[in-house]
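Below, each chain spelled out in residue letters.
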Amino acid sequence: DSGVTQTPKHLITATGQRVTLRCSPRSGDLSVYWYQQSLDQGLQFLIQYYNGEERAKGNILERFSAQQFPDLHSELNLSSLELGDSALYFCASSVDVVFGNSPLHFGNGTRLTVT
Amino acid sequence: DAKTTQPNSMESNEEEPVHLPCNHSTISGTDYIHWYRQLPSQGPEYVIHGLTSNVNNRMASLAIAEDRKSSTLILHRATLRDAAVYYCILSLGIYNTNAGKSTFGDGTTLTVKP
């Protein structure tokens, strides 16, 4: 058990809809990372927050947004969903602003299916 | 982005050692080398990390080349449960403008034969 909790585990929704994915980081970790994993692609980095502030941004679509709350949990909002957004979405956490000398701990992901 | 290069797949026999290579020729002095593995339908799992010296833990060993441009993950006795996709990634140093944007490549799919 990594200590990172992601909810829900599965999500099925229709095109055009909006969903929110939630992540609770491991106790004591201040950084939260979001990754997308599609069937035909590897783990794509989306965005990182550290102690409530955005720290790094990957190829995150404008339809996607995220935030980290004072209790350090994070939410990833996906709107105007398209079929191509179907993927596994992983959250990871680490202690420091860069995970250099400490591990990244991953949750078990949210499987999003857009129909 | 600091990229890593790994073989697409490797095979091993159960109970034998496995050496998984990774090239990271653009590594900078403050970049850590991390290894993770992912089982089907699960999140990646941390295996080991290091900066310059070789590292050992209960799961594996990490051998880092002297010039740090490559590293090798060593599983001393492969078991069927070690069959997974193994990712080698760089944790970019805090002063790197891309710090935090660590890129996972395609990884190496390890098959363990009984």
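See the structure printed just above.
Predicted, not measured: the structure shown is a model, and the values here were computed from it.

Draft legend 1. Structural view of the sheet that holds strand β8 (residues 84-91) of chain B. All names here are of chain B. Within the open sheet, the 5 strands sit side by side as β1-β9-β8-β3-β4. Their pairing is mixed. Both edges of this open sheet fall to β1 (9-13) and β4 (45-50), since each of them pairs with a single strand only. Mean inter-strand twist for the sheet, computed between neighbouring axes without regard to direction, equals 25°. Bridging between strand β3 (residues 32-38) and β4 involves 5 bridges; their strand directions are antiparallel.

Draft legend 2. Molecular detail of the layout of surface pockets. Reported here for the largest pocket is a volume of approximately 700 Å³. Around the largest pocket, the lining is made up of 27 residues, and of these Asp1, Ser2, Phe106 and Asn108 of chain A together with Gly43 of chain B lie nearest the centre. If you tally residues by element for the lining of the largest pocket, the top one is β4 of chain B, at 3 residues. Empty space within the second largest pocket amounts to approximately 390 Å³. Looking at side-chain class alone, the lining of the second largest pocket contains 10 nonpolar, 8 polar and 1 charged residues.

Definitions and limits used
- Residues numbered from 1 in each chain as written.
- Chains lettered and ligands numbered in written order.
- Predicted model: local features only at pLDDT ≥ 70, side-chain atom pairs only at ≥ 80, totals over all residues.
- Heavy atoms only, no water.
- Pairing = 2+ DSSP bridges.
- Helix = DSSP H or I, 4+ residues; strand = E, 2+ residues; numbered from the N terminus.
- Axes fitted to C-alpha atoms, helices over the stretch in contact; angles between N-to-C directions.
- 1 Å grid on protein atoms, 1.4 Å probe; cavity = no way out; pocket = protein on both sides within 12 Å on 5 of 7 lines; lining within 4 Å.
- Points joined across faces, edges and corners; volume = space filled by probe spheres on them.
- Nonpolar A, V, L, I, M, F, W, Y, C, P; charged D, E, K, R; others polar.

Interpretation note: all reported values are geometric properties and have no functional meaning in isolation.
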